[in-house]
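Here is what each chain is made of, one letter per residue.
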Amino acid sequence: MSFVTRRLVNSQIKKTFYNNALHQHRIVPAISFRSYSTNTPTEENTTENNSTKYSPATKKVVYGLARLMGYYSKSSTAIRASRTLYAECAQQMDLNKDFYIKECNLPDNFQSWFSVTQLHVWMLMVHLRAEGNGKLYIQELVNRFFEDAEDRIRSHGITQQKVINSYIKDLLAQFHGGVVAYDEGMCKDDPVLAAALWRNLFAISSNNATDLALVVQYIRRELQALEKYGGDKLNAGIVQFDKPENEFV
C-alpha cells in the first residue's frame, strides 16, 4: 500500500470506528513450547514424534528476546492476526460464487468482490468493537483490505498513482457509507438492513426480494456465530464464516 493510500485509509477509519469496546482480553503468545518434563526419559517418550523439549532457561531466553523485539506487543499481534482474519474475508466471493453470482446474479468483477469482501470485513468490525484492542485490530484489518484492493487495481494494468488514488478515494467513500448503513440496519430491523444491502451490494445487479432476505438471514446468523471467536482465537487470527444458504432456515 502506498503512503498516500495508507493516509487515506487511516483517516477514514477514524470516521467509521465506534469506540464501544466492552471487554479487555490478554495477549496470548503466538509461540508455544512443549512442557518441560523432569521425568526420566524412556524409550516411549524419547522417540514419540522425535519432539524437542525445551528447558525453562531456553524458554525464558526465547520469550525474553521476543518481548524485547516487540513480538508480543499489541500492535505486532494485531498485524499478524489481521492477515489471516482478512484472508478469511477476502476469499468469501471465490468460495461462494454459486450463491453470489448465480443465485444473487451479481456480476463477476472487481466491484462485486469489493462489495462482498466489505460486507464480511464489516461483520468482523462489529465483532472486534467489543474487544479490548478492537480499534487496533480494525485498523489493521481495513489496512489489509485496501492493500489488497490496490494490488487488484494494479493487476488490471493501472499503474499511475494519481489514478489509483482516485479509485481508492471512491472505494473509501463507498466503504464508509456501507459501514454506516450496515450499522444502522443491524441496530434497527431487517427491512433497514435489507435497504442497506440493496444500496451497497445489489445496486449493481437486478435482484428480487428473496435474494435480499437470504443475505439478511446470513448476516444475522454470522454476527451471532462470530461471538464464539474472541480473546485467544482472535489473537491467533482464527475466524471462519459459514456458507450462505440459498433457502430459508
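To be clear, the structure that these remarks concern was listed above.
The shown structure was predicted, so the numbers you read here are calculated from the model rather than taken from an experiment.

1. With respect to the pattern of salt bridges
Logical step 1: By the definition in use, this model includes twelve salt bridges.
Logical step 2: Residues Asp148 and Arg152 are paired through a salt bridge, measuring 3.1 Å at the closest nitrogen-oxygen approach. Taken together, the residues span about one helical turn, with Asp148 and Arg152 both in helix α8 (residues 134-155) at a distance of four residues.
Logical step 3: Residue classification places Asp148 among the buried residues on the basis of a relative accessible area of 17%.
Logical step 4: Overall, Arg152 belongs to the partly exposed group, its relative accessible area being 29%.
Logical step 5: Taking the shortest distance from any N to any O, the salt bridge between Arg221 and Glu245 comes out at 3.7 Å. Placement of Arg221 in helix α11 (residues 209-225) and of Glu245 in the segment after α12 (232-235) is noted, with a sequence separation of 24 residues between them.
Logical step 6: For Arg221, a relative accessible area of 25% puts it in the partly exposed group.
Logical step 7: Each of the salt bridges in this network shares a partner with another, and the network as a whole consists of Asp94, Lys97 and Asp108.

2. Quick look at α11
Logical step 1: In a regular helix each residue adds 1.5 Å, so 17 residues correspond to 24 Å; α11 covers 24 Å between its end C-alpha atoms and thus fits that length.
Logical step 2: All of the buried residues in α11 are Asp211, Leu212, Leu214, Val215, Val216, Gln217, Tyr218, Ile219, Glu222 and Leu223.
Logical step 3: Buried-residue contacts for α11 involve α5 (92-95), α6 (97-103), α7 (110-128), α9 (161-187) and α10 (190-200).

3. Considerations on the environment of Tyr86
Logical step 1: Here Tyr86 lies in helix α4 (residues 74-90).
Logical step 2: Given a relative accessible area of 7%, Tyr86 falls into the buried group.
Logical step 3: Contacts of Tyr86, omitting those with residues within four sequence positions, involve Trp113, Thr117, Val121, Leu141, Arg144, Phe145 and Asp148.

4. Observations concerning the environment of Lys228
Logical step 1: Mapped onto the fold, Lys228 is located in the loop between α11 and α12.
Logical step 2: Assessed through its relative accessible area of 55%, Lys228 is described here as exposed.
Logical step 3: Along the primary structure Lys228 and His127 are separated by 101 residues, whereas in three dimensions their C-alpha atoms are 9.9 Å apart.

5. Here's the deal with the side chain of Asn96
Logical step 1: Looking at the element boundaries, Asn96 is found in the loop between α5 and α6.
Logical step 2: The buried category is assigned to Asn96, whose relative accessible area is 6%.
Logical step 3: In this structure Asn96 touches Lys243 and Pro244, once residues within four positions along its chain are discounted.

6. As for the packing of α9 against α10
Logical step 1: Running from amino to carboxyl end, α9 crosses α10 at an angle of 165 degrees, the nearest separation of the two axes being 7 Å. By the criterion of interaxial angle, the relationship of α9 to α10 is roughly antiparallel. Crossing handedness for the pair α9 and α10: left-handed. Residues Gln174, Gly177, Gly178, Ala181, Tyr182, Glu184, Gly185 and Met186 of α9 form the contact with α10, whose participating residues are Val192, Leu193, Ala196, Leu197, Arg199 and Asn200.
Logical step 2: Residue composition of the contact of α9 with α10, by class: seven nonpolar, five polar and two charged.

7. Here we look at the packing of aromatic side chains
Logical step 1: Under the definition given, this model contains twelve aromatic pairs.
Logical step 2: Taken together, the aromatic side chains of Tyr86, Phe110, Trp113, Phe114, Phe145, Phe146 and Phe175 make up a single cluster linked through ring pairs.

8. Structural notes on the packing of α4 against α7
Logical step 1: It is at 8 Å that the axes of α4 and α7 come closest, and there the two elements cross at 135 degrees. Here α4 lies oblique to α7, going by the angle between them. Like other packed secondary-structure pairs, α4 and α7 cross with a definite hand, here right-handed. Contacts between α4 and α7 pair Leu85, Tyr86, Cys89 and Ala90 from the former with Trp113, Thr117, His120, Val121 and Leu124 from the latter.
Logical step 2: A per-class count over the contact of α4 with α7 returns seven nonpolar, two polar and no charged.

9. Overview of the nonpolar core
Logical step 1: Counting 57 residues, the largest nonpolar core has Phe146 and Leu197 as its most contacted members.
Logical step 2: When contributions to this core are tallied by element, the ones reaching two or more residues are α4, α6, α7, α8, α9, α10 and α11.
Logical step 3: Not counting residues within four places of it along the chain, the set of residues in contact with Leu197 comprises Leu119, Tyr182, Phe202, Leu212, Val215, Val216 and Ile219.

What counts as what
- Residues numbered from 1 in each chain as written.
- Predicted model: local features only at pLDDT ≥ 70, side-chain atom pairs only at ≥ 80, totals over all residues.
- Heavy atoms only, no water.
- Salt bridge = Lys/Arg side-chain N within 4 Å of Asp/Glu carboxyl O.
- Helix = DSSP H or I, 4+ residues; strand = E, 2+ residues; numbered from the N terminus.
- Buried < 20%, exposed > 50% of the residue type's maximum accessible area, 1.4 Å probe, protein only.
- Expected span 1.5 Å × (residues − 1).
- Contact = heavy atoms within 4.5 Å.
- Axes fitted to C-alpha atoms, helices over the stretch in contact; angles between N-to-C directions.
- Parallel < 35°, antiparallel > 145°, perpendicular 65-115°, else oblique.
- Left-handed = near helix turned anticlockwise from the far one by under 90°.
- Nonpolar A, V, L, I, M, F, W, Y, C, P; charged D, E, K, R; others polar.
- Phe/Tyr/Trp six-rings, centres within 6.5 Å; stacked < 30°, edge-to-face > 60°.
- Core = buried A, V, L, I, M, F, W, Y, C linked by side-chain atoms within 4.5 Å.

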